[in-house]
Amino acid sequence: EAERERIMREAEDAANRAERLAAVEVRLKEITQKNMEQDKLRAQWQARMIGARQKLNNLLQSFRQADTTYQELATRASFTLLPGQGEQRDDALALMKRLEPQIDATINEINVKIPQEARRAGIPPGWLRGL
């Protein structure tokens, strides 16, 4: 009789262990899924910030090139310019004037717009730091 009770107790313990293990596995799957979703969301926000910074770098590089061209030609007397260099100087100045508002808008996007949208979406600020 005692042997039978022991066997039943062991079977019950094994069933309880199996049930707890199944619950733990379900919870682990939930946590893993949540982490994957969070990682995906983090990657999206970081990609947005990195993209904006890359856009700013490209705009600044274009601005610097136009500025260099303009400075080289603007410091010369107009009678020393070769044919077409006056137009190059004017084109460089026009390009710089077109790039300035784009640069300002991109800086605003990096410093204000993206962080505000992230804050409203409940994104931790650390996700966007140091990018």
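Residues numbered from 1 in each chain as written. Predicted model: local features only at pLDDT ≥ 70, side-chain atom pairs only at ≥ 80, totals over all residues. Heavy atoms only, no water.

Student: How should I be thinking about the overall build of the chain in this particular structure?
Tutor: On a plain count of helices and strands, the chain comes out with two helices and zero strands. Its C-alpha atoms give the chain principal-axis dimensions of roughly 120 × 25 × 15 Å. Looking at the chain residue by residue over its 131 residues, the buried ones come to 16%. Looking at the chain alone, contacts between residues at least 24 apart form 76% of all its contacts between residues at least 6 apart. Carbon and sulfur atoms provide 53% of the accessible area of the chain, an area that totals close to 10,000 Å². Taken as two groups, the 22 positive and 20 negative side-chain charges of the chain have centres that lie 5 Å from each other. (Helix = DSSP H or I, 4+ residues; strand = E, 2+ residues; numbered from the N terminus. Buried < 20%, exposed > 50% of the residue type's maximum accessible area, 1.4 Å probe, protein only. Contact = heavy atoms within 4.5 Å. Areas by Shrake-Rupley, 256 points an atom, 1.4 Å probe, with all protein chains shown as cover. Lys, Arg positive; Asp, Glu negative; His and termini not counted. Charge placed at Lys NZ, Arg CZ, Asp CG, Glu CD.)

Student: Explain helix H1 (residues 2-74) here, please?
Tutor: Side chains that are three or four residues apart share a direction in an α-helix, a result of its 3.6 residues per turn. The end-to-end C-alpha distance of H1 is 105 Å, a good match for the 108 Å that 73 residues give at a rise of 1.5 Å each. Among the residues making up H1, those that are buried are Trp45, Met49, Ala52, Leu56, Leu59, Ala66 and Leu73. Those residues of H1 that are buried are in contact with helix H2 (85-120). (Expected span 1.5 Å × (residues − 1).)

Student: How should I be thinking about the pattern of salt bridges in this particular structure?
Tutor: Where charged atoms from two side chains of opposite charge approach closely, those side chains can pair. On inspection of all chains with the given rule, the structure shows five salt bridges. With a shortest N-O distance of 3.2 Å, Glu30 and Arg27 are connected by a salt bridge. Within this pair, Glu30 and its partner Arg27 are both found in helix H1, separated by three residues, close to a single helical turn. Given the relative accessible area of 44%, Glu30 is considered partly exposed. Here Arg48 and Glu117 are joined by a salt bridge, their closest N and O atoms 2.6 Å apart. Of this pair, Arg48 sits in helix H1 while Glu117 sits in helix H2; the two residues are 69 residues apart in sequence, bridging distant segments of the chain. Taking the relative accessible area as the measure of exposure, Arg48 reaches 28% and is therefore partly exposed. Shared partners join several salt bridges into a network, and the residues in it are Glu3, Arg6 and Glu10. (Salt bridge = Lys/Arg side-chain N within 4 Å of Asp/Glu carboxyl O.)

Student: Looking at this structure, I do not really get a nonpolar patch on the surface. What am I missing?
Tutor: A cluster of nonpolar side chains, namely Val24, Leu28 and Ile31, defines an oily patch on the protein surface of about 240 Å² accessible area. Here Ile31 shows up in helix H1. (Patch = residues over 30% accessible without salt bridge, like charges linked within 9 Å, V, L, I, M, F, W, Y side chains within 5 Å.)

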